[in-house]
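The residues making up each chain are set out below.
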Amino acid sequence: MGGRPAADGLQSPPPNLPRKRGVRLSWIGPGSWALYALGLSPGVWTFYLGLTDQLGADPLKALERTLGLWALRFLVIGLAVTPLRKIGGPNLIRYRRTIGLLAFFYALAHVVVYVVLDQGLDVAAILADIVKRPYITVGMVAFLILVPLAVTSNATMIRRLGAAAWQRLHRWVYLAAAAGALHFIMLLKTVTFEAAFYAAMVAVLLAFRLWNRARLSQPRR
Amino acid sequence: MLIRKAPDVRPSEITPKGHYLSRRELMAGGFAAAALAMVPGDSGWAAALEAHKSSFSTDEPPTRRADATSYNNFYEFGSGKDDPAANAGTLTTAPWSVEVSGLVAKPRTYALEDILKPVTLEDRIYRLRCVEGWSMVIPWIGFPLAALISRVEPLGSAKYVAFETLVRPDEMPGQRGLFQPLDWPYREGLRLDEANHPLTILAVGMYGETLPNQNGAPLRLVVPWKYGFKSIKSIVRIAFVEQQPPTSWEEMAPHEYGFYSNVNPEVDHPRWSQATERRIGEGSGLFAKRRPTRMFNGYGDEVAGLYAGLDLRANY
């Protein structure tokens, strides 16, 4: 069981923090490992299809898009965990770290495919892209935000930072998700239903936090 | 207009008149058969076409037919690359007519068969460079647009040619519902001298057969030195006009897509570089290297003269 989080903040730290050093972490349970296996399978499968010429005419672009899309999907799922609990849905908070790391792994794979396979490690072209192409700038911002969040996702770092600081740091995921959704819209020639859908999901999930904060800050009767 | 590369036609390449006439019969028969066989949903059907070789063809290896017919931009059928192949099967392409209007001595509406009757079909294996940064090599079958232009006798005041694609929401899912990406009809245009250039063709086939619907059946433009979106598909209207006509992508995002849209590695799209391209099917899929994009898509010897004195950065 996940139990109630320690703080009832907007971005609560993971539950079941070990109280003492050296205590084995109970919250990387078999459920999380199963979630990793399940969550990574679309990426592995798409890569396999790409290797075996089953990804259509432009396999590289298809792989790049699929990886980016799953990163965005896991960001949205991760952002949905707290609202889901607050509106009386299931409490999935013990899986949130896994969900967040899945988002990071997909974002990392997306960037690696872009840098290595798409651009062929042409550093000059990549740097020019990041500086001159707003959609790549925005996408890179989203990725760079996820890096420190992934690095500080383990219990040691939570303990070292302290719950409050950790929480502040991890609120950056809001910006990463917004930048990810924007990146998707900006790279298309026209706005598609799919891109608008993810942008709307991120907007609703972020708006929930604003609404919740306003609600909590009102004096209680 | 200076055409530097004159087609070298050897006597051996000139088709004897008997063959020539029988090919016309075959053609006419082919299209009649097409008219009979083209029932909605019958997307797998294609008629064989015969055509002359052309010295304008590249000897680069053509893209796999499966790739060229499954990876398309044809927003009338959806904005995804695989949407046209999935959704275009229901398009009725026979009967088909094209209205030719505007500043011409002989405005009229042509049945497709009438357009094709006097022309000789040619194989034109052309490079195709999409504005999105990928490219293919397509063996088109078609005829010079100039042949149709001379037939309708443009007036001296005609300076541009404007084209329109079919609008038929019940057969084109991209034209119904929310999220319609463009204003319909899809419009494109060329300067009259560009339209008359021998490289500019109207295509009716590819890979030895009639065009699949997703590739712009039954009649489309192919302008190989411009980004692919200039090569308008499924044409129903051609108008000769004095002023530069509005074009769909230019109207949609004028700072990103210009009227000329000549392939130019030195002028970037605002959102991506145009210096390199990925040739579809080249190398081994995931590990294909990008190749440098060539000025005018490699057709500079033939077409650079059209733009002498024109600032290609300002007129992108």
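All values derive from a computational prediction rather than experimental measurement. (Residues numbered from 1 in each chain as written. Chains lettered and ligands numbered in written order. Predicted model: local features only at pLDDT ≥ 70, side-chain atom pairs only at ≥ 80, totals over all residues.)

Participant: What is the right way to read the overall build of chain A from this model?
Facilitator: Within chain A one finds nine helices and zero strands. For chain A, the α and β elements follow one another from N to C terminus as α-α-α-α-α-α-α-α-α. Looking at chain A as a whole, 35% of its 221 residues qualify as buried. Within chain A, counting contacts between residues at least 6 apart in sequence, those at least 24 apart form 68% of the total. (Helix = DSSP H or I, 4+ residues; strand = E, 2+ residues; numbered from the N terminus. Buried ≥ 20, exposed ≤ 12 C-beta atoms within 10 Å, placed from the backbone. Contact = placed C-beta atoms within 7 Å.)

Participant: What is the right way to read the overall build of chain B from this model?
Facilitator: Within chain B, the regular secondary structure consists of eight helices and twelve strands. A total of 316 residues make up chain B; the buried ones form 42% of that total.

Participant: Explanation requested: unusual backbone geometry in the structure shown.
Facilitator: Peptide bonds are mostly trans, and most non-glycine residues show a negative phi. Residues and elements named next belong to chain B. Backbone torsion omega between Ala94 and Pro95 reads 0°, so that peptide bond is classified as cis. Considering the arrangement of structural elements, one finds Pro95 in the loop between α3 (83–87) and β1 (97–102). Cis geometry is found at the peptide bond from Ala217 to Pro218, where omega equals 0°. Positioned with a positive phi, Ser261 is a non-glycine residue whose angle comes to about 50°.

Participant: Sorry, what's going on with the pairing of strand β11 (residues 276–279) of chain B here?
Facilitator: Every other side chain in a regular strand lies on the same face of the sheet, so the side chains alternate between the two faces. Residues and elements named next belong to chain B. Bridge count between strand β4 (residues 134–144) and β11: two bridges; the pairing is parallel. Looking at the pairing, Ser135 lines up with Arg279 of β11. Pairing geometry for β11 and strand β12 (residues 291–292), over two bridges, is antiparallel. Counterpart to Thr276 in the pairing with β12 is Pro292. (Pairing = 2+ DSSP bridges.)

Participant: Is there a simple way to explain the packing of helix α5 (residues 134–151) of chain A against helix α8 (residues 172–187) of chain A in this structure?
Facilitator: To describe two helices that pack against each other, one gives the angle between their axes and the distance between the axes. Residue and element names in this part refer to chain A. Contact geometry for α5 and α8: axes closest at 8 Å, N-to-C directions at 155°. In terms of their interaxial angle, α5 and α8 are classed as roughly antiparallel. The handedness of the crossing between α5 and α8 comes out as left-handed. Residues Pro134, Tyr135, Val138, Gly139, Val141, Ala142, Ile145, Leu146 and Leu149 of α5 touch α8, and the partners they reach there are Trp172, Val173, Leu175, Ala176, Ala179, Gly180, Leu182, His183, Met186 and Leu187. (Axes fitted to C-alpha atoms, helices over the stretch in contact; angles between N-to-C directions. Parallel < 35°, antiparallel > 145°, perpendicular 65-115°, else oblique. Left-handed = near helix turned anticlockwise from the far one by under 90°.)

Participant: Where do I start with the sheet that holds strand β10 (residues 235–241) of chain B in this structure?
Facilitator: Pairing between sheet strands relies on hydrogen bonds along the backbone, with the strands arranged either parallel or antiparallel. Residue and element names in this part refer to chain B. Spatial ordering of the open sheet is given by β2-β1-β10-β5-β6, a layout of five strands whose pairing is mixed. On the outer flanks of this sheet lie β2 (108–111) and β6 (187–191), each paired with one strand and no other. Each strand axis lies, on average, 20° off the axis of its neighbour in the sheet, ignoring direction. In this sheet, β10 lies alongside β1 in parallel orientation, the contact comprising four bridges. Looking at the pairing, Glu99 lines up with Arg237 of β10.

Participant: Explanation requested: the interface of chain B and chain A in the structure shown.
Facilitator: Often, the extent of an interface is quoted as the loss of accessible area on bringing the components together. Taken together, the contact between chain B and chain A spans 21 residues of the former and 19 residues of the latter. When grouped by side-chain class, the residues that make up the side of chain B that touches chain A number ten nonpolar, five polar and six charged. (Nonpolar A, V, L, I, M, F, W, Y, C, P; charged D, E, K, R; others polar.)

Participant: It is not clear to me how the confidence of the model for chain A should be interpreted in this structure. Could you clarify?
Facilitator: Interpretation of this model should avoid reading the predicted coordinates in detail wherever pLDDT is low. Residue and element names in this part refer to chain A. With 86% of its residues at a pLDDT of 70 or more, chain A shows a mean pLDDT of 88. By mean pLDDT, the top-scoring element of chain A is helix α3 (residues 96–118) (97), and the lowest-scoring one is helix α4 (residues 123–132) (91). In this model residues 1–10 is a low-confidence stretch, pLDDT under 50, and it forms 22 contacts with partners more than four residues away in sequence or in other chains. In this model, residues 20–26 is a region of pLDDT below 50 whose contacts with residues beyond four sequence positions or in other chains number four contacts. (pLDDT = per-residue confidence, 0-100.)

Participant: Explain helix α5 (residues 145–152) of chain B to me, please; I cannot follow it from the model alone.
Facilitator: A turn of α-helix holds 3.6 residues, and therefore any two residues three or four places apart point the same way. Residue and element names in this part refer to chain B. Taken together, the buried positions of α5 are Leu145, Leu148 and Ile149. One side of α5 carries all its buried residues, which in axial view fall inside an arc of 100°. At its buried positions, α5 is contacted by α4 (112–116), β4, α6 (192–195) and β7 (201–206). Directly beyond the C-terminal end of α5, a positive phi value near 55° is found at Glu153. (Arc of directions from axis to C-beta.)

Participant: Could you clarify how one ought to interpret the nonpolar core in this entry?
Facilitator: Note that soluble globular proteins tend to have their nonpolar side chains buried in a common cluster. Residue and element names in this part refer to chain B. Counting 61 residues, the largest nonpolar core has Ile138, Trp140, Ile141, Val161, Leu202, Ala203 and Met206 as the members making the most contacts within it. Considering every element that reaches this core, the biggest residue donor is β4, with seven residues. Those residues in contact with Leu202 that sit more than four places away from it in its chain are Gly142, Phe143, Leu145, Leu148, Leu219 and Leu221. (Core = buried A, V, L, I, M, F, W, Y, C linked by C-beta atoms within 7 Å.)

Participant: Can you walk me through the packing of helix α2 (residues 59–86) of chain A against α8(A) in this structure?
Facilitator: Residue and element names in this part refer to chain A. Between α2 and α8, the shortest axis-to-axis distance is 10 Å and the interhelical angle comes to 145°. Crossing handedness for the pair α2 and α8: left-handed. Together, Ala71, Leu72, Leu75, Val76 and Leu79 of α2 and Ala176, Ala177, Gly180, Ala181 and Phe184 of α8 make up the contact between the two elements. Here the contact of α2 with α8 is built from residues that sort into nine nonpolar, one polar and no charged.

Participant: Help me understand the environment of Ala158(B) in this model?
Facilitator: Residue and element names in this part refer to chain B. Structurally, Ala158 is set in the loop between α5 and β5 (160–165). With 19 C-beta atoms counted inside 10 Å, the residue Ala158 sits in the partly exposed group. Here the alpha-carbon distance between Ala158 and Gln175, two residues 17 residues apart in the chain, equals 31 Å. Apart from residues no more than four positions distant in its own chain, Ala158 is found in contact with Gly102, Leu103, Val104, Leu192, Phe240, Val241 and Glu242.

Participant: Looking at this structure, I do not really get the confidence of the model for chain B. What am I missing?
Facilitator: Residue and element names in this part refer to chain B. For chain B, mean pLDDT is 89; residues scoring 70 or higher make up 86% of the total. Counting interchain partners and residues more than four positions distant, the pLDDT-below-50 stretch residues 28–44 has 24 contacts. Scored as a complex, the prediction yields pTM 0.82 and ipTM 0.77.

Participant: Sorry, what's going on with the environment of Ala37(A) here?
Facilitator: Residues and elements named next belong to chain A. Here Ala37 shows up in helix α1 (residues 30–51). A count of 10 C-beta atoms within 10 Å places Ala37 in the exposed class. Expressed as a C-alpha distance, the spacing of Ala37 and Leu102, which sit 65 residues apart in the sequence, is 9.9 Å.

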